[in-house]
Amino acid sequence: MTGWQQLFWNNRLVSQQNATVDSDGQSQHSFTLTGQDVNGEAQEILVTLDIQLQWQPFVLDYQIQVNGEIQSSGQRTTKDIERQTPQNAPPTPQRFSLVGLVSLGFKLLKSTKVIKVVLVGASVTAYSWLFSFQFALALIACLMFHEYGHIRAMQYFGMKTKGIYLIPFIGGLALSDEKINTRWQDVVISIMGPTFGLFMSLTCLLLYWLTGEMLFAGLATFNALLNLFNLLPILPLDGGHILKSISFSMNSIAGLLACIGGAAIGVYVSYSFGLALLGFLLLIGSLEIIFEWRSRHHSHLLPLDRYGQIFSTVWYLLTVTALIGIIWYFAGMGDEMLGLPLKILQS
């Protein structure tokens, strides 16, 4: 299937082709520009862009002709797309909205370094009120480690980062001014936070086994709950980005049905084990992905190939299973506080 394509010249749409199953990967964009010759007289310039596109593995061969003469040609691969600066279509002017005002306010907050200190203080106060001052500091360290996973993934792809912002009762944010070019980047950046969080919970579990200190047990289970929450398939959580990238890369009805079937199995398993809240949120997130699947051709992101889809799915499921396993293990110890995360999932 050839993807939806738009071609812009000087921020003006000059050619567009919709996605179709009938193409063999070849497409051609043609448009006319008006210019002046050496004598200052108006003349028309015919520009033609020929494309040969292969999705798996991704290879794009192109050739540009001006008035029938070849001016440039070359090839782009997945690595080239990952390293380039994203160029999105020029935005359509929008009227004033509350969402836009909130977005502007958040951008102003991001540019203020003092807000980081304020948010850290608010987070310490919030978690100290719920637990204790010592536990709050340790929990914030776990949250920072989770967000550091996102930062490391961004840096791996050569993206500039703006740091980590903590949000009381919610978690944190790892921010970057740069945008992604591929679904694989979206998956890796999203899942590395919960993966680092899983490593932290496993480390706390090991420390608990070595020392018997209940502080490490509490950190292991509550940190696992926070990271499991981030993996719920609801945007803008990490899990929503992961499953959206996987499902939007399936360019067929069979791929969508496979995604729906997997989600249905997850809902059944969740309710079978009494994880009612997890099953309900999984169902809502699955419906959201189905609704947005229709617009997948209008994204500039390079989709995952078959290997990327399978690898991302396995990575996601293993991380979710391990986090649930940690919560289940500590809930079986009989301690009321350690059993709280499992009760939240069963609520």
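Residues numbered from 1 in each chain as written. Predicted model: local features only at pLDDT ≥ 70, side-chain atom pairs only at ≥ 80, totals over all residues. Heavy atoms only, no water.

Draft legend 1. Quick look at the overall build of the protein. Counting its regular elements, the protein contains 11 helices and eight strands. Across the 347 residues that make up the protein, the buried fraction comes to 41%. Within the protein, contacts between residues at least 6 apart in sequence are counted, and of these 57% link residues at least 24 apart. In the structure as shown, the protein presents an accessible area of about 19600 Å², 63% of it carried by carbon and sulfur atoms. (Helix = DSSP H or I, 4+ residues; strand = E, 2+ residues; numbered from the N terminus. Buried < 20%, exposed > 50% of the residue type's maximum accessible area, 1.4 Å probe, protein only. Contact = heavy atoms within 4.5 Å. Areas by Shrake-Rupley, 256 points an atom, 1.4 Å probe, with all protein chains shown as cover.)

Draft legend 2. Representation of helix α4 (residues 133-156). Given a rise of 1.5 Å per residue, 24 residues ought to cover 34 Å, and the 35 Å separating the end C-alpha atoms of α4 matches this to within 8%. Within two residues after α4, Gly158 carries a phi angle of roughly 80 degrees, on the positive side. (Expected span 1.5 Å × (residues − 1).)

Draft legend 3. Structural detail: a nonpolar patch on the surface. Together, Leu206, Leu207, Trp209, Leu210, Met214, Tyr329 and Met333 make up an exposed nonpolar region whose accessible area comes to about 700 Å². Looking at the nonpolar patch element by element, the count peaks at four residues for helix α5 (residues 183-211). Inspection of the secondary structure puts Leu210 in helix α5. (Patch = residues over 30% accessible without salt bridge, like charges linked within 9 Å, V, L, I, M, F, W, Y side chains within 5 Å. Salt bridge = Lys/Arg side-chain N within 4 Å of Asp/Glu carboxyl O.)

Draft legend 4. Looking closely at the pairing of strand β6 (residues 69-77). When strand β5 (residues 59-66) meets β6, the two strands line up antiparallel, connected through eight bridges. By the bridge assignment, Tyr62 is partnered in β6 with Gly74. Counting the residues in the hairpin turn of β5 and β6 gives two residues, including Asn67, whose phi is positive at 55 degrees. (Pairing = 2+ DSSP bridges.)

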